[in-house]
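Notes for the structure review
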Amino acid sequence: MNLVKIDFDRCKECHYCVKFCPKKIIAAGDKINKQGYYTPVVVSMEDCIGCATCAKVCPEGAIEVVKDISE
């Protein structure tokens, strides 16, 4: 399984990760970070293919993808 880590305090709610995720496993969230932005959430981690598109398109560098973690 892969792991998507989102640094919620660095996120500025551009939602590029939501828009460009090929498996649509990231969605707009309902929690506000300390900067006042609604941060995205991973809704289906088990469906992540580890492509790291979310991390590549994030202008804030707030996303890290760890591939093939042990369960």
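1. Examining the nonpolar core
The biggest cluster of nonpolar side chains holds 14 residues, and the ones touching the most others in it are Val4, Cys17, Ile25, Ile26, Cys54, Ile63 and Val65. Mapped by element, the contributors of at least two residues to this core are β1 (3–6) and β4 (63–66). Not counting the four nearest positions on each side in its chain, Ile25 is found in contact with Val4, Val41, Val42, Val43, Ser44, Asp47 and Cys48.

2. Quick word on the pattern of salt bridges
As a working rule, side chains carrying opposite charge can pair if their charged atoms are close by. Counted under the stated rule, the structure contains 1 salt bridge. Of the charged contacts, one joins Lys12 and Glu60 as a salt bridge, the two residues approaching to 3.9 Å between their closest N and O atoms. On the criterion of sequence distance, the pair formed by Lys12 in the loop between β1 and α1 (16–20) and Glu60 in the loop between α2 (53–57) and β4 is long-range, its members being 48 residues apart. Under the relative-accessibility criterion, Glu60 is labelled partly exposed at 30%.

3. Considerations on the pairing of β4
Along any regular strand, the residues point their side chains to alternate faces of the sheet. Here β4 shows a clear split, with Ile63 and Val65 buried on one side and none of Glu64 and Val66 buried on the other. Relative to β4, β1 runs antiparallel, the two being bridged by 4 bridges. Paired with Ile6 across the bridge in β4 is Ile63.

4. Some points on unusual backbone geometry
Despite not being glycine, His15 shows a phi value in the positive range, around 65°. Accessibility expressed as a relative area gives 22% for His15, which makes it partly exposed. You will see that Lys24, though not glycine, has its phi angle at about 55°, which is positive. Examined against the element boundaries, Lys24 turns out to sit in the loop between α1 and β2 (26–27).

Parameters at a glance
Residues numbered from 1 in each chain as written. Predicted model: local features only at pLDDT ≥ 70, side-chain atom pairs only at ≥ 80, totals over all residues. Heavy atoms only, no water. Core = buried A, V, L, I, M, F, W, Y, C linked by side-chain atoms within 4.5 Å. Buried < 20%, exposed > 50% of the residue type's maximum accessible area, 1.4 Å probe, protein only. Helix = DSSP H or I, 4+ residues; strand = E, 2+ residues; numbered from the N terminus. Contact = heavy atoms within 4.5 Å. Salt bridge = Lys/Arg side-chain N within 4 Å of Asp/Glu carboxyl O. Pairing = 2+ DSSP bridges.

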